[in-house]
Amino acid sequence: MGHSAKYRVVYPLLAFASVGAIAAGIVIPNLKHFQDKTGAVATFNTGGDINESNAFFQSLGTNGRSCGTCHQADQAFSISAKGVREVYERTHGEDPLFAAVDGANCPTNTSRSREAHSLLLDRGLIRIGINMPVKPQFTIAVVHDPYGCAITNDPKTGLPVVSVYRRPLPTSSLRYLSAVMFDGRETLMPLNNAATMQNYMNFDLTDQATSAVLIHAQGVAPTAAQLSEIVQFELGLSTAQVHDDRAGSLYAHGAEGGPQALSAQDYYPGSNDALGGDPTGEKFNSSAFSLYTAWEKSGAHGYGDGDNNDREKNKAREEIAAGEKLFNTRPAIITGVRGLNDNAALGSPASITGTCTTCHDTPNVGNHSVALPLDISTSRQAENETNPTIVAGLKELSAPDMPIYEIRGCPDPLNPGKTVNYYTSDPGKGLITGLCADVNRGKGPILRGLAARAPYFHNGAAANLDELVNFYNQRFQMNFTDKEKKELIAFLNSL
């Protein structure tokens with residue numbers, strides 16, 4: 001798919017639109033560039049220019065929010081902590097984003113103070129209140145409650161409501177999903193078959209949009225027409241980094257970065273599954289990313305753009321390509337990952353030698369092509385861990401102050417007949433199913449558009465990509481040099 005020169009202009013950042021302005025129908029030109037930390041991000045919409053009269057941008061509840069409140073085009077259809085702070089400063093905390101229901105640390109805190117919204121301001125975290133299942137396999141208790149609302153009771157059911165704090169996932173590039181939501185709670189119909197995926201994706205995203213309006217916007221159920229408009233809009237979006245301040249255009253000289261190439265990416269459920277689940281029988285190819293292979297020897301081939309910065313551009317392009325190669329090929333020693341190392345179908349191996357693409361196997365997208373929630377330990381607490389690589393990895397992060405829960409009563413896989421306690425800021429899928437096997441497990445997200453939506457991990461534990469790479473380096477014994485870390489970060493910023 002070609003890239004017209006008219007889309008190469010870098011436009012000024014689009015401000016958060018007011019409700020009145022949205023009603024007037026703001027239009028975002030297709031492929032509009034939004035500046036971010038390392039270049040620019042853009043979205044390709046199969047429906048053409050983005051018109052904010054779409055129901056996605058409309059306030060359908062009672063608190064002034066829309067889907068667009070937490071899913072901004074200039075932040076890769078998520079929100080960044082930086083973007084949140086800018087909105088707070090501009091509106092003095094009056095924007096609907098800061099509604100107490102989940103924009104405050106606790107729903108009872110209606111203050112507009114920074115302290116009341118510290119998790120949202122510092123790490124872009126939205127509070128999610130999850131009702132415990134009726135008969136879970138484990139018990140849960142609070143061991144650290146910094147805000148006083150870690151566990152409350154649902155007045156209707158009497159069941160415990162557990163507060164967890166999560167980053168809003170992007171509402172773009174959704175046709176590559178194998179699970180909807182971090183804990184998969186909106187994957188009501190499985191996204192595991194090419195023949196049914198389109199219908200099931202529509203069903204799941206419709207339910208997700210309904211829940212978002214009911215809970216986050218504190219509204220009533222949207223109409224079928226509104227829901228259809230939201231879902232079809234979301235499914236038409238592909239978002240990716242399109243320009244790098246050092247390397248220039250990310251689709252120049254044979255590279256395949258940017259959202260247009262992403263929108264044309266072939267995909268089917270199980271595509272390139274690392275665990276042998278590709279329905280076509282194709283074997284796993286660890287080189288899941290091939291966006292920048294053309295740049296591996298850009299200097300040697302004299303690639304340039306005819307300006308005085310060709311040498312620096314070539315150097316930056318080679319750095320991005322080197323980072324992609326590291327992502328595809330650098331060995332990772334995988335231990336203590338629930339969902340992999342305790343997976344009976346794999347023989348419960350104590351150690352697996354893989355690569356980044358073992359878990360990020362969807363070609364040129366980066367999530368897992370089958371629904372396989374994993375616990376890589378980002379919710380765990382270093383002081384309660386015995387695996388030295390988990391401890392070392394967690395020490396590289398700067399996790400915010402969140403409630404800590406103790407999970408009791410789960411069988412210890414290493415000591416038959418005994419139980420094990422987990423200490424976590426987010427029990428993950430375990431809160432949905434009530435199963436011990438699901439505690440702490442969650443999905444890996446799509447990786448495109450990372451530069452526009454820091455911080456990282458579901459709980460914002462990595463403030464930036466340096467912390468993220470240092471975590472993986474220690475957690476999975478990847479032995480990156482400082483030069484290799486720089487290359488890998490350059491690649492991640494180019495996604």
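Residues numbered from 1 in each chain as written. Predicted model: local features only at pLDDT ≥ 70, side-chain atom pairs only at ≥ 80, totals over all residues. Heavy atoms only, no water.

## Some remarks on the state of the cysteines
The criterion, for reference: When two cysteine sulfur atoms are found within 2.5 Å, that pair is recorded as a disulfide. Numbering of helices and strands runs from the N terminus; a helix is a DSSP stretch of H or I covering at least four residues, while a strand is a stretch of E covering at least two. Three labels apply to residues, based on accessible area from a 1.4 Å probe with only protein chains included: buried if under 20% of the type maximum, exposed if over 50%, partly exposed otherwise in between.
One pass over the structure, following the stated rule, counts two disulfides. The partner cysteine of Cys106 in its disulfide is Cys149, sulfur to sulfur 1.9 Å. Given an S-S torsion of about -90°, the disulfide between Cys106 and Cys149 has left-handed geometry. Remark: Cys149 occurs in the loop between β7 (139–144) and β8 (151–153) and Cys106 occurs in the loop between α4 (100–103) and α5 (118–123); sequence separation between them is 43 residues. One exposure class covers both Cys106 and Cys149, and it is buried. Disulfide pairing places Cys410 opposite Cys436 at an S-S distance of 2.2 Å. The disulfide joining Cys410 to Cys436 has a torsion of about -85° about its S-S bond and is therefore left-handed. Placement of Cys410 in strand β14 (residues 404–411) and of Cys436 in the loop between α12 (430–433) and α13 (465–475) is noted, with a sequence separation of 26 residues between them. With relative accessibility at 6%, the residue Cys436 sits in the buried group.

## Topic: the sheet that holds strand β9 (residues 160–166)
For clarity, the threshold we go by: One requirement defines pairing of two strands: DSSP has to find at least two bridges between them. Fitting a line to C-alpha atoms yields each axis, with helices limited to the stretch in contact; the angle taken between N-to-C directions then spans 0 to 180 degrees.
Taken in spatial order, the three strands line up as β6-β9-β8 in an open sheet, and their pairing is antiparallel. Only two strands of the sheet have a single neighbouring strand rather than two, namely β6 (126–131) and β8. Here the strands of the sheet are splayed against their neighbours by 35° on average, with no regard to which way each runs. As paired elements, β8 and β9 share three bridges and run antiparallel to each other. Bridging from a neighbouring strand, Thr152 pairs with Val161 of β9.

## Re the environment of Ser287
Assignment of secondary structure puts Ser287 in the loop between α8 (259–263) and α9 (310–329). Its relative accessible area of 35% is what places Ser287 among the partly exposed residues. Here the alpha-carbon distance between Ser287 and Ile26, two residues 261 residues apart in the chain, equals 41 Å.

## As for the packing of α13 against helix α14 (residues 482–493)
Rule in force here: Angular relationships are summarised with four words: roughly parallel below 35 degrees, roughly antiparallel beyond 145, roughly perpendicular across 65 to 115, and oblique for the angles in between. The sense of a crossing depends on the near helix, which, turned anticlockwise from the far helix by less than a right angle, makes the crossing left-handed and, turned clockwise, makes it right-handed. Contacts between residues were defined by any pair of non-hydrogen atoms, one from each residue, lying within 4.5 Å. Polar here means any residue other than Ala, Val, Leu, Ile, Met, Phe, Trp, Tyr, Cys and Pro, which are nonpolar, and Asp, Glu, Lys and Arg, which are charged; Gly is therefore polar.
Relative to each other, α13 and α14 sit at 120°, their axes nearing to 10 Å. With respect to α14, the element α13 is oriented oblique. For the element pair α13 and α14, the recorded crossing hand is right-handed. Along the contact surface, α13 presents Leu465, Asp466, Leu468, Val469, Asn470 and Asn473, while α14 presents Lys485, Leu488, Ile489, Leu492 and Asn493. Its residues assigned to classes, the contact of α13 with α14 shows six nonpolar, three polar and two charged.

## Observations regarding the packing of helix α6 (residues 197–215) against helix α7 (residues 224–235)
Two elements in contact, α6 and α7, have axes whose closest approach is 9 Å; the angle formed by their N-to-C orientations is 120°. The two elements α6 and α7 meet at a crossing, and its hand is right-handed. Across the interface between the two elements, Met201, Asn202, Leu205, Thr206, Ala209 and Thr210 of α6 pack against Leu227, Ile230, Val231, Gln232, Glu234 and Leu235 of α7. For the contact of α6 with α7, the per-class residue count stands at seven nonpolar, four polar and one charged.

## Comments concerning the pairing of strand β15 (residues 419–424)
Burial along β15 is one-sided: Val420, Tyr422 and Thr424 are buried, and none of Thr419, Asn421 and Tyr423, which face the opposite way, are. For β14 and β15, the ladder comprises five bridges, and the chain directions are antiparallel. If you follow Ile407 over to β15, its bridge partner there is Tyr422.

## Remarks on the pattern of salt bridges
We count it as follows: What counts as a salt bridge is simple: a side-chain nitrogen of Lys or Arg found within 4 Å of a carboxyl oxygen of Asp or Glu.
For the structure on display, the rule yields 15 salt bridges. The partner of Arg408 in a salt bridge is Glu406, and the shortest N-O contact between them spans 3.0 Å. On the basis of relative accessibility, which here comes to 10%, the residue Glu406 falls in the buried class. Within the structure, one salt-bridge network assembled from shared partners comprises Arg166, Asp183, Arg185 and Asp426.

## Some points on α13
Heads up, the rule is: We call two N or O atoms a polar contact when they sit within 3.5 Å, provided that within protein one can donate a hydrogen and the other can accept it, with sequence-adjacent residues counted only if both atoms are side-chain atoms.
Within α13, nine of the eleven residues are buried, leaving the element largely enclosed by the surrounding structure. Where α13 is buried, its residues contact β12 (332–334), α11 (388–394) and α14. Residue Asn464 occupies the N-cap position of α13, its side-chain oxygen lying 3.2 Å from the main-chain nitrogen of Asp466.

## Looking at the packing of aromatic side chains
For clarity, the cut-off: Here a Phe, Tyr or Trp ring, Trp counted by its six-membered ring, pairs with any other such ring whose centre lies within 6.5 Å, and the pair is stacked when the planes are under 30 degrees apart, edge-to-face when over 60, and tilted otherwise.
A complete count under the given rule lists 16 aromatic pairs for this structure. Measuring from centroid to centroid gives 5.8 Å for Phe457 and Tyr472, while their planes differ by 55°, and the two rings are tilted. In this pair, Phe457 is assigned in the loop between α12 and α13 and Tyr472 in helix α13, connecting sequence segments 15 residues apart. Neither residue differs from the other here; Phe457 and Tyr472 are each classed as buried. Note on Phe471 and Tyr472: the rings are 5.4 Å apart at their centroids and 75° apart in plane angle, and the pair reads as edge-to-face. Assigned by exposure class, Phe471 and Tyr472 land together as buried.

## With respect to the nonpolar core
Here is the rule we go by: Among buried residues, those of type Ala, Val, Leu, Ile, Met, Phe, Trp, Tyr and Cys that are joined through side-chain atoms within 4.5 Å constitute a nonpolar core.
The biggest cluster of nonpolar side chains holds 44 residues, and the ones touching the most others in it are Tyr292, Phe457, Leu468, Phe491 and Leu492. Elements with a minimum of two residues in this core: α9, β12, α10 (356–359), α11, α13 and α14. Excluding residues within four positions of it along the chain, Phe457 makes contact with Arg167, Ile376, Thr378, Leu397, Ala462, Leu468, Phe471 and Tyr472.

## Digging into α14
For clarity, the cut-off: By definition here, a helix of n residues has an expected span of 1.5 Å times n minus one.
The end-to-end C-alpha distance of α14 is 17 Å, a good match for the 16 Å that twelve residues give at a rise of 1.5 Å each. Taken residue by residue, α14 has Glu484, Lys485, Glu487, Leu488, Ile489, Ala490, Phe491, Leu492 and Asn493 as its buried positions.

## A few points about the environment of Ala81
Position of Ala81 relative to the elements: it lies in helix α3 (residues 81–91). The spatial distance from the C-alpha of Ala81 to the C-alpha of Asn387 is 31 Å, given a sequence separation of 306 residues. Apart from residues lying up to four places away in sequence, Ala81 is in contact with Leu121, Asp122, Arg123, Gly124, Ala454 and Pro455.

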